[in-house]
Amino acid sequence: MITLQENSQTSYQLPPQVIEPAWYQTARAILQPLENLDWHQKKYGDIFISRFLGLPSQVIISHPQAIQELFTADAKLFETGSGGRIVQPLLGSNSLVLLDGDRHLQQRKLLMPPFHGERMKAYGNSICEIATQVTSQWQIGQAFLARPSMQEISLKVILRTVFGLTEGERYQQIQRILIEMLDTFNQPLSAVFLFFSSLQKDLGTWSPWGKFIRRRKQLDELIYQEIRERRQQPESQGEDILSLLLSARDDNNQPMSDVELRDELMTMLFAGHETTAIALAWALYWIHYQPEVREKLLQELNSIDIANADPTTIAQLPYLNAVCSETLRIYPIVFFCLPRILQAPMQLMGYDLPKGMTISACIYSTHHRPDIYPEPERFRPERFLERQFSPYEFLPFGGGNRRCLGMAFALFEMKLVLTTILSHYSLELLEKAPLKPVRRGIVFTPAGGVRLMVKHKF
Ligand code: HEM
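Residues numbered from 1 in each chain as written. Predicted model: local features only at pLDDT ≥ 70, side-chain atom pairs only at ≥ 80, totals over all residues. Heavy atoms only, no water.

## Concerning the overall build of the protein
- Of regular secondary structure, the protein possesses 19 helices and 12 strands.
- Taken over C-alpha atoms, the radius of gyration comes to 22 Å for the protein, in line with the 23 Å a tight globule of 458 residues would show.
- By principal-axis analysis of the C-alpha atoms, the protein measures approximately 70 × 55 × 45 Å.
- The long-range fraction of contacts in the protein, counting pairs at least 24 apart against all pairs at least 6 apart in sequence, stands at 73%.
- For the protein, the computed accessible surface area is about 20,100 Å², with 53% contributed by carbon and sulfur atoms.
- Looking at the protein, you have 47 positive and 48 negative side-chain charges, and the mean spots of the two groups are 4 Å apart. (Helix = DSSP H or I, 4+ residues; strand = E, 2+ residues; numbered from the N terminus. Rg over C-alpha atoms; globule rule 2.2 N^0.38 Å. Contact = heavy atoms within 4.5 Å. Areas by Shrake-Rupley, 256 points an atom, 1.4 Å probe, with all protein chains shown as cover. Lys, Arg positive; Asp, Glu negative; His and termini not counted. Charge placed at Lys NZ, Arg CZ, Asp CG, Glu CD.)

Below you can see the structure in the form of structure tokens.
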């Protein structure tokens, strides 16, 4: 149970603290994140305190009870915005990820509808069309990397959803610059620029941070051009998110400013496409790593008339759903939920946590608990058919008031893209050794990008 304590003089019973120095914990978290988490979970258990350079102490939790207490607590108890410093240079301070309180709630209400229900379903045909168009470049006998290929699909999908853009010079430029910006973080070590603001120095065109901010400026210019044009042409408003934001008014009947619009659009672009692309690349890896999974999936797909099936029918297929869930369980794309900074003392799993402490729910460690997922290192979609997991046991999209805005959309997209690919191509996995996740900025991606080859086209 969680209690809000009035008296800040209370003596706290804190969770165990990791004994290694902060610099060592930071280096390991950046360079050997999996080993580090497995080791700490083994040594300290379900709840412990870690220290990272330049950040306040963090309570890391991976027990469903602690996660339930966190997700169901009064949202006013936490602040997330100031903990999201890492993404601020990219997304801007008006990004949903960095907002708290009433402003966060209002923006979520505004942004939620296009990613759910009928509005989302309307995008089903576009997703299949884009997947068909991108994969039509694949040649029989030619090797390709799944991650960049899936990124091309998910980026086109999000550009259509967010901006209503389908083609044109601006569309091409936004695509190119976004990919270049994300590629800055291709090497695990490049993530240090996000973690340490002292390294965020513009030392010219060739320096990593210099390159990053020049690209960001180019991207900003393109986004501001689009915003200006759309403001001047109200008749061009459509079903996309930019149109929705342009017509939104606050309590004082004021529209969003250009900077506010830019930050929200950047958030959707970044949060919404690379994550889904990586999830798709992992799914293709597992489906071809374990041929029996592919067989079962094809059997299920063949049981319906794919060519004429409604996208929502595809989204409800149980084994396809289990494959997507197991993909997101075994190597979640984001290892931690957004940090929650306590605004008042709180009790969590019987420990007393003081005001100012940061709580980070570890998705990866929770998904690797053998008491919930026997043989956690094994890819076994059947576990999702045998039992239902609670939102505190299975949380690839986080939870509570910060749960991923794009959860339904990402799952819908994953299922439609996988169906499009499997029903048109027979692929072969060219990776010989088992793949492990590596850091790419703040997400985790299959090392090397998953090499595949087209065997046949149907
Ligand atoms: C497989 C794909 C995706 C994964 C694994 C993923 C994962 C996550 C996670 C773990 C969080 C933090 C939740 C928390 O702290 O409780 C989050 C937040 C968020 N995600 Fe996603 N995400 C995905 C796709 C998307 C898509 C398609 C969008 C499109 C809009 C999106 C937009 C967001 C936003 C805006 C937030 C911040 C929510 C808030 O602060 O209220 N994500 N996501």
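Next comes the rest of the write-up.
## Considerations on the coordination of the iron atom of the ligand
- Just one protein atom donates to the iron atom of the ligand; it is Cys404 (SG), sitting 2.3 Å from the metal.
- Structurally, the position occupied by Cys404 is in the loop between α18 (383–386) and α19 (407–424). (Donors = N, O, S within 2.8 Å, 3.2 Å for Na, K, Ca; no water.)

## Focus on empty space enclosed by the protein
- Considering all chains together, one arrives at 2 cavities of 30 Å³ or more under this definition.
- For the largest cavity, the full set of lining residues is Leu70, Phe71, Ala73, Ala75, Phe78, Arg340, Gly399, Gly400 and Asn401.
- Here the lining of the largest cavity is composed, by residue class, of 5 nonpolar, 3 polar and 1 charged.
- Its volume calculated, the second largest cavity comes out at about 40 Å³.
- Lining the second largest cavity are Leu37, Gln41, Gly45, Asp46, Phe48, Ile60, Ile61, Ser62, Cys362 and Ser365.
- Looking at the lining of the second largest cavity, the elements with two or more residues in it are α2 (33–44) and β2 (58–61).
- Here the residues of the lining of the second largest cavity sort into 5 nonpolar, 4 polar and 1 charged. (1 Å grid on protein atoms, 1.4 Å probe; cavity = no way out; pocket = protein on both sides within 12 Å on 5 of 7 lines; lining within 4 Å. Points joined across faces, edges and corners; volume = space filled by probe spheres on them. Nonpolar A, V, L, I, M, F, W, Y, C, P; charged D, E, K, R; others polar.)

## What about the site of the ligand?
- Neighbouring the ligand are 27 residues, the closest being His104, Arg108, Leu338, Arg340 and Cys404.
- The side chain of His104 places a nitrogen or oxygen atom 2.7 Å from an oxygen atom of the ligand.
- Of all elements in the fold, only α5 (101–111) and α13 (258–289) reach the threshold of two or more residues within the shell around the ligand.
- Top contributing element to the shell around the ligand by residue count: α13, with 7 residues.
- In the shell around the ligand, the residues fall into 16 nonpolar, 8 polar and 3 charged. (Near = heavy atom within 4 Å. Polar contact = N/O pair within 3.5 Å; in protein donor to acceptor, adjacent residues only side chain to side chain.)

## Observations regarding the sheet that holds strand β9 (residues 425–429)
- Taking strand neighbours across the sheet as the criterion, the 3 strands line up as β4-β12-β9 in an open arrangement whose pairing is antiparallel. The open sheet has two edge strands, β4 (143–145) and β9, and neither has a second partner. Between one strand axis and the next, the sheet turns by 40 degrees as a mean value, whatever way the strands run.
- Of the pairings in the sheet, the one linking β9 to strand β12 (residues 451–457) comprises 5 bridges and is antiparallel in character. Residue Leu427 lies in a different strand from β12, and its bridge partner there is Val454.
- In the packing of α13 onto the sheet, the strands contacted are β9 and β12, and the crossing angle to β9 comes to about 85 degrees. (Pairing = 2+ DSSP bridges. Axes fitted to C-alpha atoms, helices over the stretch in contact; angles between N-to-C directions.)

## Remarks on α5
- Within the span of α5, buried status applies to His104, Gln107, Arg108 and Leu111. End-on view of α5: buried residues confined to an arc of 105 degrees, all on one side of the axis. Residues Asp102 and Lys109 are exposed on α5 and point more than 90 degrees away from its buried face.
- Considering only its buried residues, α5 is in contact with α12 (241–247) and α13. (Buried < 20%, exposed > 50% of the residue type's maximum accessible area, 1.4 Å probe, protein only. Arc of directions from axis to C-beta.)

As far as function goes, none of this settles anything; it's purely spatial.
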